[in-house]
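Residue-level listing of the chains:
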Amino acid sequence: SECRSHDLACACCGMPSELVVRRSAILRFAERELDTRRPLLPRTLLRDWVRRCPNCSYCAPDITEADSRACALIAEPDYQKLLDCAGLPQKVNEFLCWSWIATATGAHDEAAWARIRAAWICDDARDAGTARLCRSLALESAEAAICAGQLIAEGGGHVELILSDLLRRCGRFDEAAAVASGGLACKPDE
């Protein structure tokens, strides 16, 4: 793996901070799980998928970009509560903060993926209850994305595969089987 450092300015507050970018060769070779996570995904890379401004606490995949709504949302009490939820890994809080902004700005597809990634971190921390909650929230975001015409995955059957795995991991087995059957009816690629 390799690291590079860049200086950047937060889109919400303008304060500069350092960005460390990590890359790993593992990503090119590992097979994906049903929810698209690569089994050998280094935790350091997952941490880099959302950033938090050290000054204003804006959380996003790229804190150098934000619309005016996102900058206003970070002052909201609900956002502030999410920043430091007791008992959760800090990176889970940051992914959930990003999902909250994405939901509020109508980017339901991005909110779904932020919540799925928060669940992965909970899996690594062996916190099954919070992982299930994050996946449940991801399902809500995915359904909102589908209603809004936003893609959470491309290709026939891929959306159903992700949804059925989220449902399965939430213990909603009958729903998971029904969604999986619908995905198989699309005759997806292997």
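So, here is what we can say about the structure in this document. Small disclaimer: the values here were computed from a predicted structure and weren't measured.

1. Notes on the side chain of aspartate 165
Along the chain, aspartate 165 falls in helix α8 (residues 158–169). In this structure aspartate 165 comes out as buried when scored by relative accessible area, which is 1%. Polar side-chain contacts of aspartate 165 include one of 2.6 Å to the side chain of arginine 168.

2. Description of helix α5 (residues 90–104)
Each α-helix winds once per 3.6 residues, and so residues spaced three or four apart point in a common direction. Between its first and last C-alpha, α5 extends 21 Å over 15 residues, near the 21 Å set by a 1.5 Å rise per residue. When you tally the buried positions in α5, you get eleven out of 15 residues, the bulk of the element. Listed in full, the buried residues belonging to α5 are Lys91, Val92, Asn93, Glu94, Phe95, Leu96, Cys97, Trp98, Ser99, Ile101 and Ala102. Two residues or fewer after α5 comes glycine 106, characterised by a positive phi angle close to 85°.

3. Structural notes on unusual backbone geometry
Phi at serine 57 is positive, roughly 70°, even though this residue is not glycine. Mapping serine 57 onto the fold places it in the loop between β3 (51–52) and β4 (59–60). We note that arginine 126 has phi near 60°; this positive angle belongs to a residue other than glycine. Counting through the fold element by element, arginine 126 comes out in the loop between α6 (108–124) and α7 (128–147).

4. Focus on the environment of alanine 185
Inspection of the secondary structure assignment puts alanine 185 in helix α9 (residues 173–185). By relative accessible area, which is 60% here, alanine 185 ends up exposed. Distance in space between the C-alpha atoms of alanine 185 and glycine 156 is 9.3 Å, their sequence separation being 29 residues.

5. Some points on the environment of tryptophan 49
Examined against the element boundaries, tryptophan 49 turns out to sit in the loop between α2 (43–47) and β3. In sequence terms tryptophan 49 and proline 61 are twelve residues apart; their C-alpha atoms lie 5.5 Å from each other.

6. Structural notes on the packing of α8 against α9
The N-to-C vectors of α8 and α9 enclose an angle of 170°; their axes lie 8 Å apart at closest approach. Between α8 and α9, the crossing angle belongs to the class labelled roughly antiparallel. In contact with Glu160, Leu163, Ser164, Leu167 and Arg168 of α8, α9 contributes Phe173, Glu175, Ala176, Val179, Ala180, Gly182 and Gly183.

7. Digging into the environment of alanine 125
Tracing the backbone shows alanine 125 in the loop between α6 and α7. Using a relative accessible area of 43% as the deciding quantity, one classes alanine 125 as partly exposed. A sequence separation of 36 residues divides alanine 125 from proline 89, and the C-alpha atoms of the two residues are 8.0 Å apart.

8. As for the side chain of serine 57
Note on serine 57: relative accessible area 13%, which makes it buried. A polar contact of 3.3 Å, which involves the side chain of serine 57, links it to the side chain of arginine 52. Setting aside anything within four residues of it in sequence, one finds serine 57 in contact with Arg52, Tyr79 and Leu83.

9. Describing the nonpolar core
Core analysis: the largest hydrophobic core is formed by 31 residues, its most contacted members being Tyr58, Tyr79, Trp98 and Ile101. Breaking this core down by element, the ones donating at least two residues are β4, α3 (68–73), α4 (77–83), α5, α6 and α7. No other element matches the seven residues that α5 contributes to this core. Contact partners of isoleucine 101, with chain neighbours within four places excluded, come to Tyr58, Cys59, Ala70, Leu73, Ile74 and Tyr79. Counting residues in each nonpolar core, the second largest holds 17 residues, with Trp113, Ile116, Ile162 and Leu166 among its members.

10. Regarding α9
The end-to-end C-alpha distance of α9 is 18 Å, a good match for the 18 Å that 13 residues give at a rise of 1.5 Å each. Positive phi appears at lysine 187, one or two residues downstream of α9, with a value of about 55°.

11. Quick look at the packing of α5 against α6
Where α5 contacts α6, the two axes come as close as 8 Å, and the packing angle between them is 165°. Considering the angle they form, α5 stands roughly antiparallel to α6. For α5 against α6, the interelement crossing comes out left-handed. Contacts from Lys91, Val92, Phe95, Leu96, Trp98, Ser99, Ala102 and Thr103 of α5 reach α6 at His108, Glu110, Ala111, Ala114, Arg115, Arg117, Ala118, Ile121 and Cys122. Among the residues forming the contact of α5 with α6, the class breakdown is ten nonpolar, three polar and four charged.

Thresholds, definitions, all that
- Residues numbered from 1 in each chain as written.
- Predicted model: local features only at pLDDT ≥ 70, side-chain atom pairs only at ≥ 80, totals over all residues.
- Heavy atoms only, no water.
- Helix = DSSP H or I, 4+ residues; strand = E, 2+ residues; numbered from the N terminus.
- Buried < 20%, exposed > 50% of the residue type's maximum accessible area, 1.4 Å probe, protein only.
- Polar contact = N/O pair within 3.5 Å; in protein donor to acceptor, adjacent residues only side chain to side chain.
- Expected span 1.5 Å × (residues − 1).
- Axes fitted to C-alpha atoms, helices over the stretch in contact; angles between N-to-C directions.
- Parallel < 35°, antiparallel > 145°, perpendicular 65-115°, else oblique.
- Contact = heavy atoms within 4.5 Å.
- Core = buried A, V, L, I, M, F, W, Y, C linked by side-chain atoms within 4.5 Å.
- Left-handed = near helix turned anticlockwise from the far one by under 90°.
- Nonpolar A, V, L, I, M, F, W, Y, C, P; charged D, E, K, R; others polar.

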